[in-house]
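# Fold and contact review
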Amino acid sequence: MEERGWLESLVNGLVQPLYDAVPWIVHLVPLLWILVLVAVSVLILIWAERKVSADIQSRVGPLHHGPIGVFQSVWDALKLLTKEDTIPRQADRLVFCIAPFIAFVPAVLVYVVIPFGKGWIAADLNVGLWYLLSVGSLGVVGVIVAGWASNNKWSLLGGMRAAAQLITYEIPMFLSVVVVIMMAGTLSMDDIVRNQAGGRWSLAPPETPFAGWYCFTIPGLIASVLYLVAALAEVNRQPFDLPEAESELVSGFNTEYSGMRFAIFFLAEFSNTALVAGIAATIFFGGWSSPIVSEGEGIWQIFGDGIVWYFVKITALIYGMMWVKWTLPRVRIDQMLQVAWKGLIPLALINVAIAVAHVAWVGP
Amino acid sequence: MQGHAEPVHHEEMLINMGPQHPSTHGVLRLLLRLRGEVIESARFVIGYLHRCHEQLTEQNGWIRAMPLPDRLDYLSPITSEWAMALAAERLAQVEVPERAEWLRVLSSELYRIASHLVFVGTFAMDVGATTMFLYTFRERELLLDIFEKLSGQRMTCHYIRVGGVGWDLPSGLDAEIRRVLKTVESRLPEYDDVFTNNRVARARIEGVGTMSAERCRAFGASGPVARASGVDFDLRRDAPYGVYDKLDFDVVTGERGDCLDRLTCRTMEIRESIKLCRQALDGLPEGDIRTKLPARFKTPEGVAYGAVEGGRGECGYFAIGDGGEAPYRLKIRSGCFSNLHLIEKALAGWKLADVVAILGSIDIVLGDVDR
């Protein structure tokens, strides 16, 4: 009781007057949540990447900063903050300086339309999925100009590879997303999740809560696999990490970057990793909808629909991506393009046709 | 060797790879002429790690220069030591005790396994499979532990001496070596699962960087690189030294001479070396481990050539003696140096990503190339 009184007085005394004075401040709350979420999740992801890779490679990984090394990424960030920010003398200074932010800002902006839980969405745009794809693909510009502005041949090669790769893999990615748009009949991310949570037009018995997930339809299943393969390429992860290809291009587009600018590229990469996993979870695997019970009673409440399921799903997907990264070698540039143009894109086009048949036959 | 003078044509990019590049296996410098991602032509520049090994030996004398060969091919030091000891022994006609000969076979084959494990790991890492590198180094660690117990050093062992070996096998090491060999043998199929039979890896290494047997012969290539191209030549069988003529082993050869062949050739050689190590442990006779040399060991006038099958090809020491404690002239023939010359022709026409694969498959150690 005491605490509620204290909270009430805080709201009445501070928050309410602030809201009265500048009403638009309420829009900053979800933005703040997104920024905190991105920063925290990237720190956790970097630590997880180290631990998962260590586990796969029969090592132990970071151990000393905090319990089982959880603060390793904090120290990494501090180290990068204190490092000298070098800019090559021959570089295009302005472009060189803003390139990391061109890569980073879209990676954060797209979180605006991701529904984390029931009602946990910063802006439920009616063109949500379209916004997400178009803003999300802006990040590649940052990578390309970073490669060009560094005035380093290795960076240039990395930037050119990024251009070829990211533009190529956007096509199967979009085509697999189109399937979901057709089945859902909406571009709003929140509605897409609600459609799946309802389990309306599934082939499975309707009482199973997860029956409505799009990955349990034939076109949806194909599309989800295509999406995940294309997503690996979109976020430059092995086997498609050609733009940075350490053993070939030294460090690719970010060769000349150091200190915080490098950290921002790193941040963008991991933010994108969490993002593509989040998109896949949202549009194919039911987002925040629970696979056990929709609305539980008593103890079952914690297994009901909610934000927890979103994070469970992206954790599983990200673990899968890390697993792939630390197992497979890197493909060559021509093989990478071949996989897309001769494999993924025709398959995605056929899949769109299958989706048309599915929508006509089973109904949206 | 410097490629700056030639004009760069339109649409071509001259790119300098190394000496500071993560995948040139040390301080090799490659000048690549690129059209897009395709290599038009390649040249290599070496000499960044030249340490006057020949001159150092000529100045210091046989005995004091004996730790130097370790620093040539530092991933397979025992074989270089053996080549130098062999040259000195042939020049001075020193008899080596039977037990020492068997210990030499044992130690050099153990280190050959370690050396080939490094190759498998670094080659996989060049192609992008980082995990494989950690797997092979996990096994190599066991072998290095053996060498720490045998000679006190993990890498620069200084184990083989003129007239024998430095130390006898410590008690209990016999059982440990057998245990480690078993472990390494049991993990070889794992490498195939993770890397060699992986479809992405196959696409990267199968048919890439082919070299014909004729070209290998023309360039004087030897070791696993030449054998993978079908050159059936192994000094252990064709010019036996030590007690190799008493041992039973196969010489592994490939057919196409691509990166995959060079990889499988080495993994097969690991199996052969395991076989040889077991035979050496079984047949190890009792006796002395070193011939007593005079306090001032001198080599008479004359010439001698001691060559052994190193981890990366024929490792030979050609010495001219003048009656002193040091050779009048010493010439080191290194396998890596000859093998490296294949690269210029092998790279043309392949993509930038293949450069590291082909270079990695030749497996050079710059310490051995530059000497």
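Scoring rules and cut-offs
- Residues numbered from 1 in each chain as written.
- Chains lettered and ligands numbered in written order.
- Predicted model: local features only at pLDDT ≥ 70, side-chain atom pairs only at ≥ 80, totals over all residues.
- Heavy atoms only, no water.
- Helix = DSSP H or I, 4+ residues; strand = E, 2+ residues; numbered from the N terminus.
- Buried < 20%, exposed > 50% of the residue type's maximum accessible area, 1.4 Å probe, protein only.
- Contact = heavy atoms within 4.5 Å.
- Areas by Shrake-Rupley, 256 points an atom, 1.4 Å probe, with all protein chains shown as cover.
- Lys, Arg positive; Asp, Glu negative; His and termini not counted.
- Charge placed at Lys NZ, Arg CZ, Asp CG, Glu CD.
- Core = buried A, V, L, I, M, F, W, Y, C linked by side-chain atoms within 4.5 Å.
- Buried area = accessible area lost by both parts, 1.4 Å probe.
- Salt bridge = Lys/Arg side-chain N within 4 Å of Asp/Glu carboxyl O.
- Polar contact = N/O pair within 3.5 Å; in protein donor to acceptor, adjacent residues only side chain to side chain.
- Pairing = 2+ DSSP bridges.
- Axes fitted to C-alpha atoms, helices over the stretch in contact; angles between N-to-C directions.
- pLDDT = per-residue confidence, 0-100.
- Arc of directions from axis to C-beta.
- Phe/Tyr/Trp six-rings, centres within 6.5 Å; stacked < 30°, edge-to-face > 60°.
- Lys NZ or Arg CZ within 6 Å of the ring centre and 35° of its normal.
- 1 Å grid on protein atoms, 1.4 Å probe; cavity = no way out; pocket = protein on both sides within 12 Å on 5 of 7 lines; lining within 4 Å.
- Points joined across faces, edges and corners; volume = space filled by probe spheres on them.
- Nonpolar A, V, L, I, M, F, W, Y, C, P; charged D, E, K, R; others polar.

### With respect to the overall build of chain A
Secondary structure assignment for chain A yields 13 helices and 0 strands. Mapped in sequence order, the helices and strands of chain A form the string α-α-α-α-α-α-α-α-α-α-α-α-α. By its C-alpha atoms, chain A is 60 × 60 × 45 Å across when sized along the principal axes. Split into buried and exposed, the 364 residues of chain A put 51% on the buried side. Pairs at least 24 residues apart make up 74% of the contacts formed inside chain A by residues separated by at least 6 positions. Entry remark: accessible area of chain A is about 17000 Å², with carbon and sulfur atoms responsible for 71%. Side chains of chain A carry 20 positive and 26 negative charges; the gap between the two charge centres is 10 Å.

### Some details on the nonpolar core
Of all hydrophobic cores here, the largest spans 125 residues; its most connected members are Leu32 and Phe195 of chain B. The leading source of residues in this core is helix α3 (residues 98-127) of chain B, at 16 residues. In this view, Phe195 of chain B contacts Pro329 of chain A together with Phe123, Ala124, Val127, Ala129, Met132, Ala201, Ile205 and Leu263 of chain B; residues no more than four positions away in its chain are not counted. Counting 89 residues, the second-largest nonpolar core is a separate cluster that includes Ile114, Ala149, Phe285 and Trp326 of chain A.

### Quick notes on the interface of chain A and chain B
Interfaces are frequently sized by the accessible area removed from exposure as the parts join. Taken together, the 24 residues of chain A in the interface contact 33 residues of chain B. In this assembly, chain A packs against chain B so that about 2400 Å² is buried in total across both faces, 60% of it on carbon and sulfur atoms. When the buried area of chain A at its contact with chain B is split by residue, Trp154, Pro329 and Arg332 of chain A rank highest and sum to 24% of it. Where chain A meets chain B, there are 3 salt bridges. Counting across the interface, chain A meets chain B through 10 residue pairs in polar contact (both at pLDDT 80 or more). Looking at the side of chain A that touches chain B, the elements that each hand over two or more residues are α7 (153-184), α10 (246-249) and α13 (333-362) of chain A.

### Thoughts on the environment of Asn195 of chain A
With respect to the helices and strands, the residue Asn195 of chain A is situated in helix α8 (residues 189-198). C-alpha separation for the pair Asn195 of chain A and Ile56 of chain A, spaced 139 residues apart in sequence, amounts to 38 Å.

### Here's the deal with the side chain of Ser271 of chain A
Residues and elements named next belong to chain A. Structurally, the position occupied by Ser271 is in helix α11 (residues 259-283). Ser271 sits in the buried class, given a relative accessible area of 1%. Not counting residues up to four positions away in its chain, the partners in contact with Ser271 are Val38, Val42, Ala107 and Tyr111.

### Comments concerning the sheet that holds strand β1 (residues 13-17) of chain B
All names here are of chain B. Taken in spatial order, the 3 strands of this open sheet run β1-β2-β3, and their pairing is antiparallel. Of all strands in the sheet, those with a lone pairing partner are β1 and β3 (38-45), marking the two edges. For this sheet the average axis-to-axis angle between neighbouring strands, irrespective of direction, equals 20°. Along the sheet, helix α13 (residues 352-362) makes contact with β1, β2 (29-35) and β3, crossing β2 at roughly 150°.

### Considerations on the confidence of the model for chain A
Averaged over every residue, the pLDDT of chain A is 82; the share at 70 or more is 91%. In the predicted structure, residues 199-204 of chain A sits below a pLDDT of 50 and forms 12 contacts with residues beyond four places in sequence or in another chain.

### Regarding helix α1 (residues 53-60) of chain B
Owing to its 3.6 residues per turn, the α-helix aligns residues three or four sequence positions apart on the same side. All names here are of chain B. By the burial criterion, the buried members of α1 are His53, Glu54, Thr57 and Glu58. Along the long axis of α1, the arc covered by the buried residues comes to 135°, so they all point the same way. In this structure, the buried side of α1 is in contact with α2 (77-92) and β8 (327-333). Following α1 by one or two positions, Gly61 adopts a phi angle in the positive range, close to 95°.

### Things to note about the packing of aromatic side chains
What the rule picks out here adds up to 22 aromatic pairs over all chains. Seen in terms of ring centroids, Phe253 of chain A and Phe265 of chain A are 5.2 Å apart; in terms of plane orientation they differ by 70°. Their pairing is edge-to-face. Here Phe253 of chain A is found in the loop between α10 and α11, whereas its partner Phe265 of chain A is found in helix α11, with 12 residues between them in sequence. Phe265 of chain A shares its class with Phe253 of chain A; the two are buried. Note on Phe284 of chain A and Phe285 of chain A: the rings are 6.5 Å apart at their centroids and 70° apart in plane angle, and the pair reads as edge-to-face. Put simply, the rings of Trp33, Tyr111, Phe116, Tyr310 and Phe311 of chain A pair up and form one aromatic cluster. The ring centre of Tyr135 of chain B lies 4.7 Å from the NZ or CZ of Arg138 of chain B, which sits over that ring. Note that Arg161 of chain B overlies the ring of Trp167 of chain B, its terminal NZ or CZ placed 4.9 Å from the centroid.

### Looking at the sheet that holds strand β7 (residues 313-321) of chain B
Residues and elements named next belong to chain B. Judged by pairing direction, the sheet is antiparallel, and its 3 strands sit side by side in the order β6-β7-β8 without closing on themselves. One side of each edge strand has no neighbouring strand; the edge strands of this open sheet are β6 (302-310) and β8. Recorded for the sheet is a direction-independent mean angle of 15° between the axes of neighbouring strands. Sheet analysis places β6 next to β7, joined by 9 bridges and oriented antiparallel. Paired with Ala307 across the bridge in β7 is Gly316. Contacts between α2 and the sheet are confined to β6 and β7, with β6 contributing the most and set at about 155° to the helix.

### Thoughts on empty space enclosed by the protein
Residues and elements named next belong to chain A. In total, this model carries 3 cavities of 30 Å³ or more according to the counting rule given. Quantified by volume, the largest cavity comes out at close to 420 Å³. Around the largest cavity sit 29 residues that line it, and Gly136, Gly139, Glu234, Val235 and Asn272 are the ones nearest its centre. Going through the elements one at a time, α4 (93-109), α5 (128-136), α6 (139-149), α7 and α11 are the ones with two or more residues in the lining of the largest cavity.

### Topic: the layout of surface pockets
In this approach a probe as big as a water molecule rolls over the atoms, and the regions it shows empty are the leftover space. If you add up the space inside the second largest pocket, you get close to 380 Å³. Forming the walls of the second largest pocket are 16 residues, and the residues nearest its centre are Val229, Pro239, Phe240 and Leu328 of chain A together with Val200 of chain B. Take the lining of the second largest pocket: its biggest share by element is 4 residues, from helix α12 (residues 307-325) of chain A. When the residues that make up the lining of the second largest pocket are grouped by side-chain class, the tally is 13 nonpolar, 2 polar and 1 charged.

### Here we look at the environment of Glu206 of chain B
All names here are of chain B. Along the chain, the position of Glu206 falls in the loop between α6 (199-205) and α7 (213-218). Judged by its relative accessible area of 37%, Glu206 falls in the partly exposed class. For the pair Glu206 and Leu260, spaced 54 residues apart in sequence, the C-alpha to C-alpha distance is 5.2 Å. Ignoring sequence-local partners within four residues, the contact set of Glu206 consists of Arg256, Asp258 and Leu260.

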